[in-house]
Amino acid sequence: MKWEQLIAVSLLAAPAMVHCQEAPCPEKTQDPIFYNSSSRKEVKGGQNLFVTGDLLFWQASEDGLEFVVDNKHSTTAVIHGSADGPHFGWDFGFRVGMGYNLKHDQWDLYLNFTHYHGNAESTKTADAGGALFPLWQSPFMAPDGGYVTHAKANWAITMNMADFELGRDFYVGRWLSFRPFLGLKGGTIQEKYHIEYSGGTAVPEGDEDQIHMTNHFWGVGVRLGVDSLWNFTKEWGLYGNGALSLLPGQYNIQQKEKFERTSSPSFKIQDHISMTLTFAELSLGLQWDHMFAKDRYHLGMKLGWELNLLFDHNLFMKLVSATAPGIFTQSDGDLSFQGLTFGLRFDF
């Protein structure tokens, strides 16, 4: 082909190339409204603010709270026994938050506060010919091999936590978006455990052995994670979120035990432990987002399952020797909060 022909072909093709640059080619066309409604939720002419509110229906549970060994057929040896702990119940909590969509490069700020109070309790009575072996009774409070016939345990926990996040949305195609974030997490966890033993040979007749334990933690640390949204329509999708926090903080532990009515030995111990708490979070559920009033407002709803796992949180002390009462063990059991979360979000 001669150079005159090459110039002619180039001139004929130029209008089409310019047209494709001015109006996106079909294969590159994107729907900005869909992207905004699926993750960023930017409203037109708004304040770039959003508020959130979550209703929590969770169960709090902790490893290492077994308070008796229920033995069925003997008062001297464990033949057919089982270690029993309190029955963890379901309770309501809440989470409230407020955020701001920054005008620079899809970044946002988000602050929320979570409050939850949970309970667990159990009452045990020994079967005829059987016994309850008390797991938390101090060895120097009763003779070796002592047992009880009645036991009661009550456990309560209160968590108040705040999260501050700096995040950014990333869009991977039309149906998938990610929001990695980093920030801070801090707050308090107050735990109380009360146990009563009576009857048998381990407690004087007509008396009660009462044990009171508290474990108060506070800490502040770094938090990072990622939120994801997997849309299957413009308004409906599945969300999956995860985060990990490291909270350097302080544990304040106090335990005391005494016979309620008779004059007998009693004790009180306390400990202060500086430790970093590892706090893992995971949630999965269904999400709905809707823009209305000509995209000036956004309303979102979600319903899902959430798990919060706190590693090695149970630091209650069990004394194990009557001759050397300073010897004790700790279960280092994990604490968890899990259950349903129903959330609302409003952008304006």
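Residues numbered from 1 in each chain as written. Predicted model: local features only at pLDDT ≥ 70, side-chain atom pairs only at ≥ 80, totals over all residues. Heavy atoms only, no water.

1. Notes on the overall build of the protein
Threshold: Counting from the N terminus, the helices are the DSSP runs of H or I reaching at least four residues and the strands are the DSSP runs of E reaching at least two. Exposure categories follow from relative accessible area, calculated using a 1.4 Å probe and restricted to protein chains: below 20% of the type maximum is buried, above 50% is exposed, and the middle band is partly exposed. The contact criterion used throughout is that any non-hydrogen atoms of two residues lie within 4.5 Å. Here the Shrake-Rupley method, with its probe set to 1.4 Å, supplies the accessible areas, and only the displayed protein chains count as covering residues.
Along its length, the protein carries two helices and 17 strands. A burial count over the protein gives 43% of its 348 residues as buried. By sequence separation, contacts in the protein at least 24 residues apart represent 75% of the contacts at least 6 residues apart. Of the accessible surface of the protein, which amounts to about 17,900 Å², a share of 62% is contributed by carbon and sulfur atoms.

2. Side note on the pattern of salt bridges
Side-chain pairing between opposite charges can occur once the charged atoms of the two side chains come close. Rule in force here: Salt bridge, as used here, is a side-chain nitrogen of Lys or Arg placed within 4 Å of a carboxyl oxygen of Asp or Glu.
Inspection of every chain in the model, using the stated rule, returns 16 salt bridges. Of the charged contacts in the structure, one is a salt bridge between K124 and D70, with a shortest N-O distance of 3.5 Å. Of this pair, K124 sits in strand β6 (residues 107–125) while D70 sits in strand β2 (residues 68–71), and the two are 54 residues apart along the sequence. When sorted by exposure, K124 lands in the same class as D70, which is buried.

3. Digging into the sheet that holds strand β3 (residues 81–84)
We count it as follows: Pairing between strands is defined by DSSP: at least two bridges between them are needed. Axis geometry follows a simple rule: fit a line to the C-alpha atoms, using only the stretch in contact for helices, then measure angles between N-to-C directions, giving values from 0 to 180 degrees.
Spatially, the three strands line up as an open sheet ordered β3-β2-β7, and their pairing is antiparallel. Looking at strand neighbours, the two that pair on one side only are β3 and β7 (131–134), the edges of this open sheet. Within the sheet, the average angular offset between the axes of one strand and its neighbour, ignoring direction, is 25°.

4. Structural notes on the environment of L303
Looking at where L303 falls in the secondary structure, it is placed in strand β14 (residues 297–314). Sequence-distant contacts of L303, that is, excluding residues within four places in its chain, are made with Y239, G285, L286, T341 and F342.

5. Quick word on the packing of aromatic side chains
Heads up, the condition is: Ring pairs shown here join Phe, Tyr and Trp side chains whose ring centres sit within 6.5 Å, with only the six-membered ring taken for Trp; geometry is labelled stacked below 30 degrees between planes, edge-to-face above 60, and tilted in between.
Counted according to the given criterion, the structure contains 18 aromatic pairs. With centroids separated by 5.8 Å and ring planes inclined at 25°, the aromatic side chains of F292 and Y297 adopt a geometry described as stacked. Its relative accessible area of 31% is what places F292 among the partly exposed residues. Classification of Y297 by relative accessible area gives partly exposed; the value is 32%. Chaining the aromatic ring pairs together yields one cluster made of F57, W90, F92 and W305.

6. A word on the environment of G145
Mapped onto the elements, G145 comes out in the loop between β7 and β8 (150–168). Between the C-alpha atom of G145 and that of T75, which follows or precedes it by 70 residues, the distance is 8.6 Å. Non-local contacts of G145, meaning those with residues more than four positions away in its chain, are made with T75 and F133.

7. A look at the side chain of D70
What counts is decided by this rule: Nitrogen and oxygen atoms within 3.5 Å of one another constitute a polar contact, given that in protein one can donate a hydrogen and the other can accept it, and given that sequence-neighbouring residues count only through two side-chain atoms.
Since its relative accessible area comes to 2%, D70 is described here as buried. Side-chain polar atoms of D70 contact the side chain of K124, separated by 3.5 Å. Discounting residues that sit within four places of it in the chain, D70 has contacts with H80, G81, S82, D84, K124, A131 and L132.

8. A word on the side chain of D163
Tracing the backbone through its elements, the reader meets D163 in strand β8. By relative accessible area, D163 is classed as buried at 5%. Within the structure, D163 has its side chain in polar contact with the side chain of K185 (distance 2.8 Å). The contact partners of D163, leaving out residues within four places of it in the chain, are Y110, L111, N112, L184, K185, R223 and E281.

9. Re unusual backbone geometry
With the exception of glycine, most residues fall at negative phi, and the peptide bonds are largely trans. The backbone of K294 sits at a positive phi, close to 55°, despite the residue not being glycine. With respect to the element layout, K294 can be found in the loop between β13 (267–292) and β14. Given the relative accessible area of 78%, K294 is considered exposed. A positive phi angle, near 55°, is found at D312, a position not held by glycine. One can find D312 in strand β14.

10. Re the nonpolar core
Here is a general trend for soluble globular proteins: nonpolar side chains tend to be buried in one another's company. For the record, the criterion: Among buried residues, the Ala, Val, Leu, Ile, Met, Phe, Trp, Tyr and Cys ones that are joined through side-chain atoms within 4.5 Å form a nonpolar core.
Core analysis: the biggest nonpolar cluster contains 42 residues, and F67, W136, I189, Y193, I195, Y197 and F337 have the highest contact counts within it. Residue assignment for this core shows that the elements contributing at least two residues are β1 (49–62), β6, β8, β10 (176–198), β11 (209–231), β12 (236–259), β13 and β17 (333–347). No other element matches β8, which puts six residues into this core. Apart from residues lying up to four places away in sequence, Y193 is in contact with L65, F67, P86, W136, A153, N154, W155, I211, H212, M213 and F316.

11. Some thoughts on the confidence of the model for the protein
Low-pLDDT portions of the prediction should not be read for the details of their coordinates. So the rule is basically this: Looking at any residue, its pLDDT shows the predictor's confidence there, from 0 to 100.
Residues at a pLDDT of 70 or more form 85% of the protein, whose mean pLDDT is 85. Averaged pLDDT values for the elements of the protein fall to 39 in helix α1 (residues 3–22) and rise to 97 in β1. Here residues 2–39 is a poorly scored stretch, pLDDT under 50, and it has 28 contacts once near neighbours within four places are set aside; other chains count.

12. Looking at a nonpolar patch on the surface
The line we're drawing: For patches, a residue must show more than 30% relative accessible area and have no salt bridge; joins then use 9 Å for like charges and 5 Å for nonpolar side chains, namely Val, Leu, Ile, Met, Phe, Trp and Tyr.
There is a patch of nonpolar side chains on the surface, built from L55, W90, F92, M301, L303, W305, L340, F342 and L344 and spanning about 860 Å² of accessible area. Among the elements of the structure, β5 (90–101), β14 and β17 are those that each provide at least two residues to the nonpolar patch. For F92, a relative accessible area of 55% gives the class exposed.

13. Focus on the environment of R174
Within the fold, R174 resides in the loop between β9 (170–171) and β10. Along the chain, R174 and K234 lie 60 residues apart, while their C-alpha atoms are 9.4 Å from each other.

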